[in-house]
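Each chain, written out:
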Amino acid sequence: MANPELAIIPQHVAIIMDGNGRWANKRGLPRTIGHTKGVEAVRETVKAAGDAGVRYLTLFAFSSENWTRPEAEVHDLLGLLRRFIRRDLAELHRENIRIRVIGERENLRGDILPLLLEAEDTTRHNTGLTLVIAFNYGARNEIARAFAKLARDIESGALKASDIDVDSISRSLDTAGIPDPDLIIRTSGEERLSNFLLWQAAYSELVFLPDYWPDFDRNLFFEALKIFASRDRRFGGLSNKTAAVGG
Ligand code: FPP
């Protein structure tokens, strides 16, 4: 990469896209306009991630807690996601992007899940960026479902209790086969994970940006990559710098 500040490109970037409502409020606009602008930021981010050479981009599109929002807002958010898949799928496919969906699939009504599954199916052989859409996603729910699956495997005799370890748990999560996020970005100035990828975030670098999600763009994405490149990741061991001088 030409820019030495971006010498270390994260393999997996995950984003909590926060602040659509506040972006709209600040302008005296309805919240739904904030979400609509948010989809434009999604499009720009997908392009920027592909251009940067990121392999996996996970977007927190709809949490399992978002159902408690007013019905009209839930309706708007689902409508935007539906339109994004319908309008952008052909282009995403042309761009060799693979779509994966994580989140609870049981008891979902309507056409959203079939649409997301169609997007997964259409793009399953693509080899470029993997766009992971977290829909009806909550990390505790994901971990609970993984444990229930492991327990069923033990009951059926397919697994022994002694087989349960970090790898078998990772393989039972919705993110099976996807490397843990190297970088998690949250916009809007909030500094928490809000039930997002709790297991997978064990060693993620966290970058909190003050900007609201509709203002997120290519420049801010590259800004976050720069912050990531400046961090010293130790994974519980010694810093490379420290190890190099034998300290
Ligand atoms: C947070 O803003 C954002 C969301 C709850 C949803 C994000 C969804 C989109 C950007 C659109 C659909 C997604 C895709 C992948 C096409 P907020 O409403 O919590 O903002 P606030 O905290 O300021 O109220």
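Nothing here was measured: the structure is a model prediction, and the numbers come from that model. (Residues numbered from 1 in each chain as written. Predicted model: local features only at pLDDT ≥ 70, side-chain atom pairs only at ≥ 80, totals over all residues. Heavy atoms only, no water.)

**Observations regarding the site of the ligand**
Line of reasoning, step 1. Around the ligand lies a shell of 18 residues, among which Met17, Gly21, Arg22, Arg31 and Arg69 are the nearest.
Line of reasoning, step 2. In this structure, an oxygen atom belonging to the ligand sits 3.0 Å away from a main-chain N or O atom of glycine 21.
Line of reasoning, step 3. Among the cavities detected, the one that contains the ligand is the largest pocket.
Line of reasoning, step 4. Secondary structure elements with two or more residues in the shell around the ligand: helix H1 (20-26), helix H2 (31-52) and helix H3 (71-94).
Line of reasoning, step 5. Its residues assigned to classes, the shell around the ligand shows seven nonpolar, six polar and five charged. (Near = heavy atom within 4 Å. Polar contact = N/O pair within 3.5 Å; in protein donor to acceptor, adjacent residues only side chain to side chain. 1 Å grid on protein atoms, 1.4 Å probe; cavity = no way out; pocket = protein on both sides within 12 Å on 5 of 7 lines; lining within 4 Å. Sits in = over half its atoms within 2 Å of the grid points. Helix = DSSP H or I, 4+ residues; strand = E, 2+ residues; numbered from the N terminus. Nonpolar A, V, L, I, M, F, W, Y, C, P; charged D, E, K, R; others polar.)

**Focus on the layout of surface pockets**
Line of reasoning, step 1. Approximately 710 Å³ is the volume found for the largest pocket.
Line of reasoning, step 2. Of all elements in the fold, only H1, H2, strand E2 (56-63), H3 and strand E4 (130-137) reach the threshold of two or more residues within the lining of the largest pocket.
Line of reasoning, step 3. When its residues are assigned to classes, the lining of the largest pocket shows 15 nonpolar, eight polar and seven charged.
Line of reasoning, step 4. Of the voids in this model, the second largest pocket is the one considered here, and its volume is about 220 Å³.
Line of reasoning, step 5. Lining the second largest pocket are Arg43, Val46, Lys47, Gly50, Asp51, Phe84, Asp88, Glu91, Leu92, Glu95, Ile97 and Leu129. (Points joined across faces, edges and corners; volume = space filled by probe spheres on them.)

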